[in-house]
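An overview of the molecular structure
This is what each chain is made of:
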Amino acid sequence: MAQGLLGVLSDSGKPVIQLRLAGGKRKHYEGRVEVFYNGEWGTVCDDDFSIYAAHVVCRELGFLDAESWLPSAKYGRGEGRIWLDNVHCSGSEKSLAHCPSNGFGVSDCKHSEDVGVVCSKKRIPGFKFIRNQLSSDEVEDVRIRATYSHRKRIPITEGFLEVKDGGKWRQICNVDWNEMNSRVICGMYGFPGEKRFNVRPYKFLAKRRKKNFWGFSVNCTGNEADLAECKVGREIELKGNRTCEQGMPVVVSCVPGRAFAPSVSIGYRKAYRVEQPLVRLRGGALIGEGRVEVLRNGEWGTVCDDDWNLKAATVVCRELGFGSAKEAFTGARMGQGIGPVVMNEVECSGFEKSLTECRFNSEALGCSHEEDAAVKCNIPAMGFNKRLRLSGGRNPYEGRVEVLTERNGSLAWGSVCSDSWGTMEAMVVCRQLGLGFASHAFQETWYWQGDASAEAVVMSGVRCSGTELTLDQCLHHGKHIQCPKGGGRFAAGASCTLTAPDLVLSSQVVEQTTYLEDRPMYALQCAHEEHCLSSSAEQADSTSYRRLLRFSSQIHNNGQSDFRPRAAHHSWVWHECHRHYHSMEVFTHYDLMNLNGTKVAEGHKASFCLEDTHCDEGIQKRYECANFGAQGITVGCWDTYRHDIDCQWVDITDVKPGDYIFQIVINPNYEVAESDYANNIMKCRARYDGHRIWMYNCVIGGTRSSDTEEPFPGLMTNQLSHR
């Protein structure tokens, strides 16, 4: 029955392995070295192991290099095979599998000799992780087979449970079946919980159908991520039609999360109330994955990855209306968060209703955002990717957007009008297709030969907020198509990517660098020409003064890919004031508003040259404004615009003394795609007495729960609450 994955070979003929760090109390960058090969996890013996081998291990795991290695099972004894012994690496190998050794499984060691490593905390910038490419299953497949009347429902939440064994689908006898088993099945299929159902129609159907029972019962604890992890129970005596005479085939009935519930059912609406969530996901490329953030003392913070595991991850997933967790990520795999680290050393039983009910240490000493925990959850099969496609692109990640719609009583593919088409709309397309984030939104697609039968425009006026799971959930014109340009070359297109940048402004730097300057008009001629002053400056005398609210902007790229301007080199604009080219004409908005949100100082749209001013340790600068150089912000670097640069201000000459809100928005037009737009806005309280200004309580949008009005309402993703 058990199907292990055989030793996989790469194109070069060398074995493909997967590595992980394991063991007891440890940080995410250290642990016992474990190797997945030939369908099972095993360890590495410490004989002849060296710092060079440790470097290879750490780089294969996405760290810059190794700091040290530890012999004699310092992280505890492993289990299973000892896959490698007498490993001799030079340090330049791409994989531990490429280093000379005795060969896989050839060892005279015991688990008391299991080797461990301590890697550098720093990640390799832009490192692409292998996502679960190696796995093994105990049974070939599992399915919930809906009855005929329920077969067209999406998602399928109820039906006979069947397992595939020996190439045939078989039922399981329900004599020893319990709720814990159903809970595991529902979790696998993306549902947070199981529910009772009407047995009578199933009994009736079971009597009429030919049965083919599996020869075992199943014994799950309820915490397993997959049926394959449950223990096989007692053997069932197979007696043809008399098998399982005391029972019937197992039926499973699951409760879907709010986002996936069929709208026809009033019961689901009652079951799931929209309320202030305590946990949310951020920065994930796909539905049901992201960095875990928790609301504590009115402020959103992150979770440290010490002891982070699948049990805790599953509590998060179910709490948010998804199924069980597929993976529990460590080491800020979904990008670094901001704000405090509010939970550490989380211990869950797996049955808590919320992560906040688990035991945890509120002291996060030694934890940084480089250790932010994240999850990947099982989600229901909604068939989202079957109703949309990218056509004509050079690869599956780009092309003209084509949607499946009903025309004249039959389903047909058509294109989307590109009027109002932008990054937000492309983001929804990429997410619906399971292709991650949008890298670009295209309003012309003549260079992509889409399907000739899909030329007709079937969707127009599309406006998305960003949280929608499908394009048809966005606002659009419905059946009344309005597309003056027509489709064809002007059909909407998109390109997608699994990684994206994430810009975050330093609120601390803004608070610390704010001051007022009175500057004469004759010294502001250049800035005036670039529209950096309020409109009253038009009539101002050249000897008069303007009062400028000055501050520094320090913008950090916390994401997983570089922030690059959309405009090509040839379209950049030379700015005389700054003496360099600006690659983004509107990169930030600066505004001063009264407490009601009305602008009192005419904020201006600041354009920027983008470059790496400083980088985190171990990261090289890539972008520089001088000499018409390449522009952008590297992952782990920041771009600083100092307070003493022209236009790095708001003109408050006409503002009366009082209390105000100062606001900065980065990338306000969503010109460049990011993994999280919610942290692109910063608001500060400002008190102006006519002579001095105080800037205080600066917060990044969405970090305080009291900010009920979301700055970018569409992108508070996955805020589903399950009770």
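All values reported here derive from a predicted model rather than from experimental measurement. Numbering of residues starts from 1 in each chain and follows the order in which that chain's sequence is written. Residues qualify for local features only when their pLDDT is at least 70, as the model is predicted, and side-chain atom pairs are given and counted only at 80 or more; totals for whole chains, interfaces and linings, by contrast, use all residues. Hydrogen atoms and water are omitted, and side-chain values are computed over all heavy atoms in the structure.

1. Observations regarding the overall build of the chain
By the criteria applied, helices consist of DSSP H or I runs no shorter than four residues and strands consist of E runs no shorter than two, each listed in order from the N terminus. Regarding its fold elements, the chain presents eight helices and 40 strands. We call a residue buried when its accessible area falls under 20% of the maximum for its residue type, exposed when it is over 50%, and partly exposed in between, using a 1.4 Å probe and counting protein chains only. Burial analysis of the chain (723 residues in total) assigns 53% to the buried set. Every residue pair with non-hydrogen atoms within 4.5 Å of one another is taken to be in contact. When contacts within the chain are restricted to residue pairs at least 6 apart in sequence, those whose partners lie at least 24 apart make up 72%.

2. Considering the state of the cysteines
We call a pair of cysteine sulfur atoms a disulfide when they lie within 2.5 Å. One pass over the structure, following the stated rule, counts 15 disulfides. Each disulfide pairs two cysteine sulfurs, and for Cys 89 the partner residue is Cys 99, the sulfurs being separated by 2.1 Å. The disulfide joining Cys 89 to Cys 99 has a torsion of about 110° about its S-S bond and is therefore right-handed. With Cys 89 in the loop between β5 (81–84) and β6 (116–119) and Cys 99 in the loop between β5 and β6, this pair connects stretches of sequence that are ten residues apart. Comparing Cys 89 with Cys 99, the two get one shared label, buried.

3. As for the sheet that holds strand β37 (residues 649–651)
One open sheet holds the three strands; their spatial order is β28-β29-β37, and the pairing between them is antiparallel. The open sheet has two edge strands with one neighbour each: β28 (515–520) and β37. Taking the axes of each pair of neighbouring strands and ignoring which way they run, one obtains an average angle of 35° across the sheet. Where strand β29 (residues 545–550) and β37 come together, three bridges link them in antiparallel fashion. Counterpart to Leu 549 in the pairing with β37 is Val 650. In this scheme, strands are said to pair when DSSP sees at least two bridges between them. Interaxial angles span 0 to 180 degrees and are taken between N-to-C directions of axes, which are lines fitted to C-alpha atoms, for helices over the stretch in contact.

4. Describing unusual backbone geometry
Geometrically, the link from Ile 154 to Pro 155 is a cis peptide bond, its omega value of -5° lying close to zero. You can see Pro 155 is positioned in the loop between β7 (141–145) and β8 (158–165). Phi at Asn 297 is positive, roughly 55°, even though this residue is not glycine. If you trace the backbone, Asn 297 turns up in the loop between β15 (289–296) and β16 (299–303).

5. So, the nonpolar core
By size, the foremost hydrophobic cluster in this structure holds 31 residues, and its most contacted members are Leu 390, Val 401, Val 416, Trp 421, Val 429, Val 462 and Leu 471. Of all elements in the fold, only β21 (388–392), β22 (398–407), α6 (423–432), β24 (437–442), β25 (457–459) and β26 (493–497) reach the threshold of two or more residues within this core. Apart from residues no more than four positions distant in its own chain, Val 462 is found in contact with Val 416, Ser 420, Trp 421, Glu 425, Leu 471, Cys 474, Leu 475 and His 476. Judged by nonpolar contacts, the second largest core, of 30 residues, contains Leu 592, Leu 610, Ile 652 and Phe 662. Think of a nonpolar core as a cluster: buried Ala, Val, Leu, Ile, Met, Phe, Trp, Tyr and Cys residues, connected wherever their side-chain atoms sit within 4.5 Å.

6. Topic: the sheet that holds strand β36 (residues 637–641)
Taken in spatial order, the four strands line up as β27-β30-β36-β35 in an open sheet, and their pairing is antiparallel. Across the chains shown, the open sheet's two edge strands, defined by having one partner strand only, are β27 (503–505) and β35 (614–615). Bridge analysis of β27 against strand β30 (residues 553–557) gives three bridges, and the strand direction is antiparallel. Bridging across to β30, Val 504 finds its partner in His 556.

7. Re the pairing of strand β33 (residues 584–593)
One face of the sheet, then the other: side chains in a regular strand alternate in exactly this way. Across the ten residues that make up β33, a large majority, nine, are buried. The pairing of β33 with strand β38 (residues 658–666) spans six bridges and is antiparallel. When the bridges of β38 are listed, His 589 appears paired with Val 665.

8. Quick notes on empty space enclosed by the protein
Cavities and pockets are found on a 1 Å grid laid over the protein atoms alone: a cavity is a set of points where a 1.4 Å probe fits but cannot escape, a pocket is an open set with protein on both sides within 12 Å along at least five of seven lines, and a lining residue has an atom within 4 Å of such a point. Grid points are joined across faces, edges and corners, and a volume is the space filled by probe spheres set on the points. Enumeration over the complete set of coordinates arrives at four cavities of 30 Å³ or more. Computed from the structure, the second largest cavity encloses a volume of approximately 50 Å³. Lining the second largest cavity are Gly 283, Arg 291, Met 334, Gly 335, Phe 437, Ala 500, Asp 502, Asn 558, Gly 559, Gln 560 and Ser 675. Here the lining of the second largest cavity is built from residues that sort into three nonpolar, six polar and two charged. Note that Gly is not counted as nonpolar here; it falls among the polar residues with everything else outside the nonpolar set of Ala, Val, Leu, Ile, Met, Phe, Trp, Tyr, Cys and Pro and the charged set of Asp, Glu, Lys and Arg.

9. Looking at the pattern of salt bridges
The salt bridge criterion pairs a side-chain nitrogen of Lys or Arg with a carboxyl oxygen of Asp or Glu, the two atoms within 4 Å. Per the counting criterion, the structure on display carries 28 salt bridges. Arg 145 is the partner of Glu 162 in a salt bridge, and the nearest nitrogen-oxygen pair spans 3.5 Å. Note that Glu 162 is positioned in strand β8 and Arg 145 in strand β7, a separation of 17 residues in sequence. Taking the relative accessible area as the measure of exposure, Arg 145 reaches 31% and is therefore partly exposed. One connected set of salt bridges, linked through shared partners, spans Arg 389, Arg 400, Glu 402 and Glu 455.

10. Comments concerning the environment of Cys 615
Among the secondary structure elements, Cys 615 is positioned in strand β35. Sequence separation between Cys 615 and Trp 638 is 23 residues, and the spatial gap between their C-alpha atoms is 6.3 Å. If we skip the residues at most four places from it in the chain, Cys 615 touches Gln 620, Lys 621, Gly 636, Cys 637 and Trp 638.

11. Brief notes about the packing of aromatic side chains
Ring pairs are drawn from Phe, Tyr and Trp, using the six-membered ring of Trp, whenever the two centres fall within 6.5 Å, and their geometry is named by plane angle: stacked under 30 degrees, edge-to-face over 60, tilted for the rest. What the rule picks out here adds up to 17 aromatic pairs. Look at Tyr 37 and Trp 83: their rings are 5.1 Å apart centre to centre, the planes differ by 85°, and that puts the pair in the edge-to-face class. On the criterion of sequence distance, the pair formed by Tyr 37 in strand β2 (residues 30–37) and Trp 83 in strand β5 is long-range, its members being 46 residues apart. For Tyr 37, a relative accessible area of 17% gives the class buried. Note on Trp 83: relative accessible area 2%, which makes it buried. Measuring from centroid to centroid gives 3.9 Å for Tyr 37 and Phe 104, while their planes differ by 20°, and the two rings are stacked.

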